[in-house]
Amino acid sequence: MLSSQFFFYFPLFRNNSYRCYYETRKEVANNYYFWDLGLFLFSFLYYSELMRFHVITIFPEIFDSYLNESILGRAIKGKLVSVKFYNPRDFIKAPKNNYRPVDDRPYGGGPGMVMRAEPVLKAIEKALSKIKDKKKIKIINFSPSGKKFTTEYAKNSVKKYTDVILISGRYEGIDARVKKIFRAEDISVGDFVLTGGELPAMILIDCMSRQIKGVLGKFESLEEERVSSSEFYTRPEVLKYKGKNYKVPKVLLSGNHKLIEEWKKKGR
């Protein structure tokens, strides 16, 4: 919490001069300590509602790099967002060969395998046991035929719930009785099929986390809350590539905010 610049001091002065120098530095350091402490307490009180995600997946390691970096990484470290994992394999009693299958052949025939209900149910029960307020829970199952996920859905979810359980299926899917037992809502992130629900879970975690106060720092950072364009430019003003000059649109260099806003609206 204390800034690193106050940790190491060298004996530039001797005797009383050094003592005076050290005590002055110590006083400044203490002031910074209480300043940092005040900021921490302010953040804790202002952003007191922690959003918790509970992910049911047999591949929790897939999430490591994405959740440990950038904005989500800072949000998790700052206690604004929490992500916990529950592996259905952990709820299967392992035989001597340690083989713990979570899938089996589908009734009625057909290709592929289906995730068994029992280990998934136990994983969800474990997640539910960690949640105190049972009235603010949302359970989501990912399915190509589900309701389309949108930013508006993310906003409403953040307002209504403190805990979101994300069921990330694999293979042909999860035994349908899991959804019926827990009344999970089918959600789709697009008109395409993926090999598992881990990527959709990351999308929901990312999009919902952005709606939480403090995660992006400023409310204006939300693209959906400001006039944005599909085109963005930065330095240099003139980009030279293979003998051609690619210039920034003049309107963006004009300083006329009204014209700039109109240009952005046209490009949406």
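Definitions and cut-offs
Residues numbered from 1 in each chain as written. Predicted model: local features only at pLDDT ≥ 70, side-chain atom pairs only at ≥ 80, totals over all residues. Heavy atoms only, no water. Core = buried A, V, L, I, M, F, W, Y, C linked by side-chain atoms within 4.5 Å. Buried < 20%, exposed > 50% of the residue type's maximum accessible area, 1.4 Å probe, protein only. Helix = DSSP H or I, 4+ residues; strand = E, 2+ residues; numbered from the N terminus. Contact = heavy atoms within 4.5 Å. 1 Å grid on protein atoms, 1.4 Å probe; cavity = no way out; pocket = protein on both sides within 12 Å on 5 of 7 lines; lining within 4 Å. Points joined across faces, edges and corners; volume = space filled by probe spheres on them. Nonpolar A, V, L, I, M, F, W, Y, C, P; charged D, E, K, R; others polar. Phe/Tyr/Trp six-rings, centres within 6.5 Å; stacked < 30°, edge-to-face > 60°. Arc of directions from axis to C-beta. Expected span 1.5 Å × (residues − 1). Salt bridge = Lys/Arg side-chain N within 4 Å of Asp/Glu carboxyl O.

Caption draft 1: Main features of the nonpolar core. Within the largest apolar cluster, 27 residues are counted, with the highest numbers of intra-cluster contacts made by Phe53, Val81, Ile140, Phe149, Leu166, Ile205 and Met208. At the level of elements, strand E1 (51-56), helix H3 (70-77), strand E2 (81-86), strand E5 (137-148), helix H5 (151-160), strand E6 (163-167) and helix H7 (198-210) are the ones that each hand at least two residues to this core. When residues of this core are assigned to their parent elements, the largest contribution, six residues, is made by H7. For Ile140, the residues in contact, after removing those within four places along its chain, are Tyr153, Val164, Ile165, Leu166, Ile167, Glu185, Ile187, Leu204 and Met208. Of all hydrophobic cores here, the second largest spans 22 residues; its members include Met115, Val120, Ile137 and Phe182.

Caption draft 2: The arrangement of the layout of surface pockets in detail. Space inside the second largest pocket adds up to approximately 470 Å³. Surrounding the second largest pocket, 27 residues form its lining, Phe142, Ser143, Pro144, Glu172 and Gly173 being those nearest its centre. Those elements that place two or more of their residues in the lining of the second largest pocket are E5, helix H6 (177-182) and strand E7 (185-188). Ranked by residue count, the leading element in the lining of the second largest pocket is E5, at five residues. Per-class residue counts for the lining of the second largest pocket are twelve nonpolar, ten polar and five charged.

Caption draft 3: Summary view of the packing of aromatic side chains. With the rule as written, the count across this model stands at two aromatic pairs. Here the aromatic rings of Phe63 and Phe85 are separated by 5.0 Å at their centres, their planes lie at 50 degrees, and the arrangement is tilted. Taken together, the positions of Phe63 in the loop between E1 and helix H2 (64-67) and Phe85 in strand E2 put the pair 22 residues apart, joining distant regions of the chain. On the basis of relative accessibility, which here comes to 31%, the residue Phe85 falls in the partly exposed class. Aromatic side chains Phe149 and Tyr153 sit 5.8 Å apart centroid to centroid with 70 degrees between the ring planes, which places their arrangement in the edge-to-face category. For the pair Phe149 and Tyr153, one class covers both residues: buried.

Caption draft 4: Highlighting H3. Every buried residue of H3 is accounted for by Leu72, Gly73 and Ala75. On an axial view of H3, the arc spanned by its buried residues comes to 165 degrees, and they lie on one face. Seen from the open side of H3, the exposed residues pointing more than 90 degrees away from its buried face are Ser70, Arg74 and Lys77. Elements that come into contact with the buried residues of H3 comprise H2, E2 and H7. Lys79 sits one or two positions beyond H3 and adopts a positive phi of about 65 degrees.

Caption draft 5: Inspection of helix H4 (residues 117-129) at higher detail. In a regular helix each residue adds 1.5 Å, so 13 residues correspond to 18 Å; H4 covers 18 Å between its end C-alpha atoms and thus fits that length. Listing the buried residues of H4 in full gives Ala117, Pro119, Val120, Leu121, Ala123, Ile124, Ala127 and Leu128. As for H4, its buried residues are in contact with E1, E2, strand E4 (114-115), E5, E6 and H6.

Caption draft 6: Structural context of the pattern of salt bridges. One pass over the full model with this rule turns up five salt bridges. For the salt bridge of Arg52 with Asp163, the shortest nitrogen-to-oxygen distance reads 2.9 Å. Residue Arg52 is found in strand E1, and its partner Asp163 is found in strand E6; the two are separated by 111 residues along the sequence. For Asp163, a relative accessible area of 0% corresponds to the buried category. Between Glu198 and Arg170 there is a salt bridge, with the nearest N and O atoms lying 2.8 Å from each other. One end of the pair, Glu198, is in helix H7; the other, Arg170, is in the loop between E6 and H6, with 28 residues separating them in the sequence. Glu198 gets classed as buried once you look at its relative accessible area, which sits at 1%. According to the relative accessible area criterion, Arg170 is buried, its value standing at 17%.

By themselves, these figures tell us nothing about what the structure is for.
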